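Residues per chain, in single letters:
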Amino acid sequence: QVQLVESGGGLVQPGGSLRLSCAASGLTFSNYFMRWFRQAPGKERELVAGITRFSSTNYANYVKGRFPISRDNAKNTVYLQMDRLKPEDTSVYYCNALRIVDGGDYWGQGTQVTVSS
């Protein structure tokens, strides 16, 4: 079955960095548009960044220039490098795989990112 497993979350001070990884299995990775979402307590889940199989990217305005997204199709893995973190970036971060042909998607279990001094 399809699995998306996120890792790399944790506690970091403001201005610090983290690198999230999402390892996918059970699917043909190159057929999927990969995205990172986040959800803070009491707020709706929001899109952070996305990347096509050809590594074209898009970003939410609030992370543009701070959170580059990348993917390694050979390793079935998508990454989110999170730099210059702010307290308002504190959220659970979720990996999402969106199937290009019909829009079906899968979600990971999420990884907590906490930015605090």
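Heads up: these notes are all about the structure in this document. Predicted model, so just to flag it, every value in this text is computed and none were measured.

1. Thoughts on the state of the cysteines
And then number 1: Across all of its chains, the model carries one disulfide by this definition.
And then number 2: Shown here is the disulfide that connects C22 with C95, its sulfur atoms set 2.1 Å apart. Looking down the S-S bond of the C22 and C95 bridge, the torsion is -80 degrees, so its handedness is left-handed. Here C95 lies in strand β9 (residues 91-99) and C22 lies in strand β3 (residues 18-25), a separation of 73 residues in the sequence. Take C22 and C95: they sit in the same class, and that class is buried.

2. Considerations on the pairing of strand β8 (residues 77-82)
And then number 1: Most of β8 is tucked away, with five of its six residues classed as buried.
And then number 2: Pairing analysis gives six bridges linking β3 to β8, with the strands arranged antiparallel. By the bridge assignment for β8, C22 is matched with V78.
And then number 3: Both strand β7 (residues 69-72) and β8 contribute to a ladder of four bridges, which runs antiparallel. The residue bridging D72 from the neighbouring strand is T77, located in β8.
And then number 4: Connecting the antiparallel pair β7 and β8 is a turn made up of four residues, with N76 showing a positive phi of about 55 degrees.

What counts, and at which threshold
- Residues numbered from 1 in each chain as written.
- Predicted model: local features only at pLDDT ≥ 70, side-chain atom pairs only at ≥ 80, totals over all residues.
- Heavy atoms only, no water.
- Disulfide = S-S within 2.5 Å.
- Helix = DSSP H or I, 4+ residues; strand = E, 2+ residues; numbered from the N terminus.
- Buried < 20%, exposed > 50% of the residue type's maximum accessible area, 1.4 Å probe, protein only.
- Pairing = 2+ DSSP bridges.

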